[in-house]
Amino acid sequence: MYHWNPEVYSRYASVSTLATTLFMTLATVLLVKRWKFADSTLLLISLCSSFGAQLALGTFYTPTAYVASLVIGSLSGFAPITIRNRLSRLVGPEELGKIFALGQSIESLMPFFGSLLFSSLFSLTIGSYPGTIYHFSAGIVVLSVCLFVFERLWCKKEEEDE
């Protein structure tokens, strides 16, 4: 897509990792410590950040868009943390170990199935529409947002019933 040689790609990847780490550190201090955002707000910010980054990567094939996607997607790291925190509040303490074990088991299988799915899709679409893989990822994020909204509405209904 970008026609970068390994040296250029390595430079971009290194800067990406460093910038994301620094930005997440700053964002954590501001959003969590100073402004005390709720987990649900952080999760929504994280998912929107991820969606925007994937959309930018899949739509624009320039180095500038790549760098912009790094900035846009820099808050996506809040998702796993907030999801685990939400899960710990949804189940009782006696079930927590089972839920986290199940989650880790599923998470450990994702690289295998994910790489199979994504590499197959990428191979099929690289010649005709190279951004498909990123738009597919953005679609997965939209599905995650829908599940989050469903969970929030469901929990709110249960809280009202009690």
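Here, the structure is the one placed above.
Computed from a predicted model, the values in this text were never measured in an experiment.

Q: How should I be thinking about the packing of aromatic side chains in this particular structure?
A: Between two aromatic rings, the relevant description is the distance of the centres plus the angle of the planes. Using the criterion set out here, one finds nine aromatic pairs in the structure. Here Y2 and W4 contribute two aromatic rings whose centre-to-centre distance is 4.6 Å and whose plane-to-plane angle is 15°, an arrangement assigned as stacked. Under the relative-accessibility criterion, Y2 is labelled buried at 15%. One aromatic cluster is present, built from ring pairs that chain together Y2, W4, Y12 and Y66.

Q: Looking at this model, I keep getting lost on the nonpolar core. Mind explaining?
A: If you look at soluble globular proteins, the nonpolar side chains tend to sit buried side by side. By size, the foremost hydrophobic cluster in this structure holds six residues: M24, A27, L31, L42, L75 and F78. Per-element tally for this core: the top contributor is helix α1 (residues 6-34), with three residues. Not counting residues within four places of it along the chain, the set of residues in contact with L75 comprises F23, M24, A27, I45, S46 and S49. With five residues, the next largest nonpolar core counts L43, L47, V141 and F148 among its residues.

Q: Looking at this structure, I do not really get the packing of helix α2 (residues 39-59) against helix α4 (residues 78-90). What am I missing?
A: For any two helices packed against each other, the geometry is given by the interaxial angle and the distance between the axes. The N-to-C vectors of α2 and α4 enclose an angle of 145°; their axes lie 9 Å apart at closest approach. Our pair here, α2 against α4, has a crossing hand that is left-handed. For the pair formed by α2 and α4, the contact residues are D39, L42, L43 and S46 on the first element and F78, A79, T82, I83, N85, R86 and R89 on the second. Of the residues that constitute the contact of α2 with α4, the class distribution is five nonpolar, three polar and three charged.

Q: Can you help me understand the layout of surface pockets in this one?
A: The probe, sized like a water molecule, is rolled over the atoms to show the empty space still left. Counted as a void, the largest pocket has a volume near 1,600 Å³. Contributing to the lining of the largest pocket are 41 residues, with L47, A79, P80, I83 and S144 lying nearest its centre. For the lining of the largest pocket, the secondary structure elements donating two or more residues are α1, α2, α3 (63-72), α4, α5 (93-125) and α6 (132-161). Of the residues forming the lining of the largest pocket, the biggest block, 11 residues, is contributed by α5. Looking at the lining of the largest pocket residue by residue, the class counts come to 22 nonpolar, 15 polar and four charged.

What counts as what
Residues numbered from 1 in each chain as written. Predicted model: local features only at pLDDT ≥ 70, side-chain atom pairs only at ≥ 80, totals over all residues. Heavy atoms only, no water. Phe/Tyr/Trp six-rings, centres within 6.5 Å; stacked < 30°, edge-to-face > 60°. Buried < 20%, exposed > 50% of the residue type's maximum accessible area, 1.4 Å probe, protein only. Core = buried A, V, L, I, M, F, W, Y, C linked by side-chain atoms within 4.5 Å. Helix = DSSP H or I, 4+ residues; strand = E, 2+ residues; numbered from the N terminus. Contact = heavy atoms within 4.5 Å. Axes fitted to C-alpha atoms, helices over the stretch in contact; angles between N-to-C directions. Left-handed = near helix turned anticlockwise from the far one by under 90°. Nonpolar A, V, L, I, M, F, W, Y, C, P; charged D, E, K, R; others polar. 1 Å grid on protein atoms, 1.4 Å probe; cavity = no way out; pocket = protein on both sides within 12 Å on 5 of 7 lines; lining within 4 Å. Points joined across faces, edges and corners; volume = space filled by probe spheres on them.

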